[in-house]
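Reading the structure
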Amino acid sequence: MTDAKISEATWVELRGAANAAMTKAYVPYSKFPVGAAALTDDGRIVSGCNVENASYGLTLCAECSLVSELAMSSQGVAPAKLVAFTCVDGHGNILMPCGRCRQLLFEHSSKGMILETVSGFKTIDEVIPDAFGPRDLEDRAL
């Protein structure tokens, strides 16, 4: 899948969902709300926001809450896969997921998932090259 297969209207819808999620962020410490939204391979939009904790290391990123929604809202045994993703800050500016969150997104992505990044549209493989995930386990199983 390439970004050419994701329409501009879909990206606008994803940004809107990410901005709506961002308004629900719980950020009493950093004051840095983040919202994320993604399109699934079954046509749904899932979203999430960051949720801070006084024990800072326990804070949940927006991507974590998005993946939780993905799992909770999927039908059947296996969650749907993500095909397009965007993430915004409190001003609506595009954010790049951190390395931990890129790995989390990779785990739940379809092959070639597109991310909207600060430097344009990129595939999941471009933002986390040589990643190891479920496809590797399937390909290398005994």
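That block above? That's the structure.
Notes on the structure follow.

What counts and what doesn't
- Residues numbered from 1 in each chain as written.
- Predicted model: local features only at pLDDT ≥ 70, side-chain atom pairs only at ≥ 80, totals over all residues.
- Heavy atoms only, no water.
- Helix = DSSP H or I, 4+ residues; strand = E, 2+ residues; numbered from the N terminus.
- Rg over C-alpha atoms; globule rule 2.2 N^0.38 Å.
- Buried < 20%, exposed > 50% of the residue type's maximum accessible area, 1.4 Å probe, protein only.
- Areas by Shrake-Rupley, 256 points an atom, 1.4 Å probe, with all protein chains shown as cover.
- Lys, Arg positive; Asp, Glu negative; His and termini not counted.
- Charge placed at Lys NZ, Arg CZ, Asp CG, Glu CD.
- Pairing = 2+ DSSP bridges.
- Axes fitted to C-alpha atoms, helices over the stretch in contact; angles between N-to-C directions.
- Contact = heavy atoms within 4.5 Å.
- Salt bridge = Lys/Arg side-chain N within 4 Å of Asp/Glu carboxyl O.

1. What about the overall build of the protein?
- Regarding its fold elements, the protein presents 5 helices and 5 strands.
- The helix and strand sequence of the protein, counted from the amino end, reads α-β-β-α-β-α-β-β-α-α.
- Radius of gyration (C-alpha) of the protein: 15 Å, near the 14 Å computed for a compact globule of 142 residues.
- Taken along its principal axes, the extent of the C-alpha atoms in the protein is 45 × 35 × 30 Å.
- For the protein, with 142 residues in total, the buried portion stands at 43%.
- Total accessible area on the protein is roughly 7600 Å²; 58% of this is exposed by carbon and sulfur atoms.
- Across the protein, 12 positive and 17 negative side-chain charges occur, with their mean positions spaced 2 Å apart.

2. With respect to the sheet that holds strand β2 (residues 45–49)
- On the basis of which strands lie adjacent, the open sheet formed by 5 strands has the order β2-β1-β3-β4-β5 and mixed pairing. The two strands at the open ends of the sheet, each matched to only one other strand, are β2 and β5 (120–123). For this sheet the average axis-to-axis angle between neighbouring strands, irrespective of direction, equals 20 degrees.
- For strand β1 (residues 35–40) and β2, the ladder comprises 5 bridges, and the chain directions are antiparallel. Paired with G35 across the bridge in β2 is C49.
- Along the sheet, helix α1 (residues 8–22) contacts β1, β2, β3 (82–88), β4 (109–117) and β5; its crossing angle with β1, the most-contacted strand, is approximately 140 degrees.
- Running at roughly 140 degrees to β2, helix α2 (residues 62–73) makes contact with β1, β2 and β3 of the sheet.

3. Some details on the pattern of salt bridges
- What the rule picks out here adds up to 4 salt bridges.
- Across the pair E116 and R15 runs a salt bridge, and its minimum N-O distance is 2.9 Å. Highlighted residues: E116 in strand β4 and R15 in helix α1, separated in sequence by 101 residues.
- What you see here is one network of salt bridges that share partners, running through E8, R15 and E116.

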